[in-house]
Amino acid sequence: MSPLRSLLALIAFAFATSAGAAAPMAKSQAPGFYRMMLGDIEVTVVSDGTVDLPMAEILKGLPRANIDKLLARSFLATPTETSVNVFVVNTGSKIVMIDTGAGAFFGPTLGRLIPNLKAAGYTPDQVDEIYITHMHGDHIGGLVADGKANFPKAIVRADQHDADFWLSPATLEKASKDEKGFVQAAQAAFKPYVDSGRFKPFEGDVELVPGVRAHASHGHTPGHATYIVESKGQRLVLWGDLMHVAAVQFPNPEVTIQFDSDSKAAKDQRLKAFREAAKQSDWVGAAHLPFPGIGHIRAEGRGYTYFPANYAGPR
Ligand SMILES: [Zn+2]
């Protein structure tokens, strides 16, 4: 190469590198959905987004230093970026959604259910039934936008005990200043469905549609329910908020969280659910496990090890 040509090449190179990358950083994530087959049933986990939670302050039952250590061992800091997952179950004849994310109740990093649901190929009016694990804002906020139902045709169902507690005017009256916001959120989220006769609470353990049944797991809230999806001998147990932090509560299932209505009952339900899922090799799914929040657990020592789902490619 002549001296002039190599000088020009050098200038061109300097220009290219100083101008930055050929494309800007995207600062976005892949569309928030993930699918798996469970026998003949298709399950789509839809992300509502993530929220930073001060886990070391709100987890109870271990000294804070131990919680920090368990988080650090999993390369996590506190506040901890925490997923909010929604499960869409297509049984072949019905489209059932388990929980609805936070809607507008928890700030701008959550409330992404509707765009992610659409990205997954569903429209809100295709949802036949919505089953609520419990009436905390991060599970029910997505029912509404600006006071109007987000799901124009869906029947909404939840355990009667949660309805009796959260939707009662007496609960709102008795609530402390801190609790009032939670109760008001629940009442606002259910209002359009109650008003139009589309809220139908149930009692205890009951099959709701073929392939999906409710199981009472009261404790985190007075009417917390888990939902069991079953097809061709395979089971997926949707835990709702039976647990919150994989890094802490799988090795130490006795650790509770500040938001439990009855922490002793919540702990007992968690211990029972972990024991059964490990024994039966069930699929498990939880609202706050890292997206897509499904996997298996194995009993190990005094606790459990979590095995997140192996990535399933398109077929
Ligand atoms: Zn929650």
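Just above sits the structure.
Definitions and cut-offs
- Residues numbered from 1 in each chain as written.
- Predicted model: local features only at pLDDT ≥ 70, side-chain atom pairs only at ≥ 80, totals over all residues.
- Heavy atoms only, no water.
- 1 Å grid on protein atoms, 1.4 Å probe; cavity = no way out; pocket = protein on both sides within 12 Å on 5 of 7 lines; lining within 4 Å.
- Points joined across faces, edges and corners; volume = space filled by probe spheres on them.
- Nonpolar A, V, L, I, M, F, W, Y, C, P; charged D, E, K, R; others polar.
- Salt bridge = Lys/Arg side-chain N within 4 Å of Asp/Glu carboxyl O.
- Helix = DSSP H or I, 4+ residues; strand = E, 2+ residues; numbered from the N terminus.
- Buried < 20%, exposed > 50% of the residue type's maximum accessible area, 1.4 Å probe, protein only.
- Pairing = 2+ DSSP bridges.
- Axes fitted to C-alpha atoms, helices over the stretch in contact; angles between N-to-C directions.
- Contact = heavy atoms within 4.5 Å.

Student: How would you sum up the layout of surface pockets? Please name residues and give values.
Tutor: Looking at the largest pocket, its volume works out to about 460 Å³. Every residue lining the largest pocket is counted, 25 residues in all, and those nearest its centre are Ser74, Leu76, Ala246, Ala247 and Pro290. Residue classes in the lining of the largest pocket are distributed as 13 nonpolar, 9 polar and 3 charged.

Student: An account of the pattern of salt bridges is requested, with residue identities and associated values reported.
Tutor: Enumeration over the complete set of coordinates arrives at 8 salt bridges. Across the pair Arg235 and Asp282 runs a salt bridge, and its minimum N-O distance is 3.1 Å. Separated by 47 residues along the polypeptide, Arg235 in strand β13 (residues 234–238) and Asp282 in the loop between α10 (263–280) and β15 (283–285) bring together distant segments of the chain. The pair Arg235 / Asp282 is uniform in exposure class, with both members buried. Among the salt bridges present, the one from Lys264 reaches Asp268, with a minimum N-O distance of 2.7 Å. Of this pair, Lys264 and Asp268 both sit in helix α10, 4 residues apart, roughly one helical turn. Given the relative accessible area of 33%, Asp268 is considered partly exposed. Within this structure, Glu57, Arg64 and Asp68 form a network of salt bridges that share partners.

Student: Go over the sheet that holds strand β17 (residues 303–308), please, and point to the residues and values.
Tutor: Paired through backbone hydrogen bonds, the strands of a sheet run either parallel or antiparallel to each other. Read across the sheet, 7 strands follow the order β10-β11-β12-β13-β15-β16-β17 without closing on themselves; strand pairing throughout is mixed. Each end of this open sheet is capped by a strand with a single partner; those strands are β10 (206–209) and β17. Across this sheet, the average inter-strand angle for adjacent strands is 35°, counted without regard to direction. Relative to strand β11 (residues 212–216), β10 runs antiparallel, the two sharing 3 bridges. Residue pairing for β11: Val209 is matched across the bridge by Val212. In this fold α10 packs onto β11, β13, β15, β16 (294–300) and β17, with an angle of close to 95° to the strand it touches most, β16.

Student: Now, about unusual backbone geometry: what can you tell me, with residues and values included?
Tutor: At the junction of Thr78 and Pro79, the peptide bond is cis and its omega measures out at 0° in the coordinates. As for its placement among the helices and strands, Pro79 is situated in the loop between α3 (64–73) and β4 (80–90). Positioned with a positive phi, Phe75 is a non-glycine residue whose angle comes to about 60°. Positionally, Phe75 belongs in the loop between α3 and β4.

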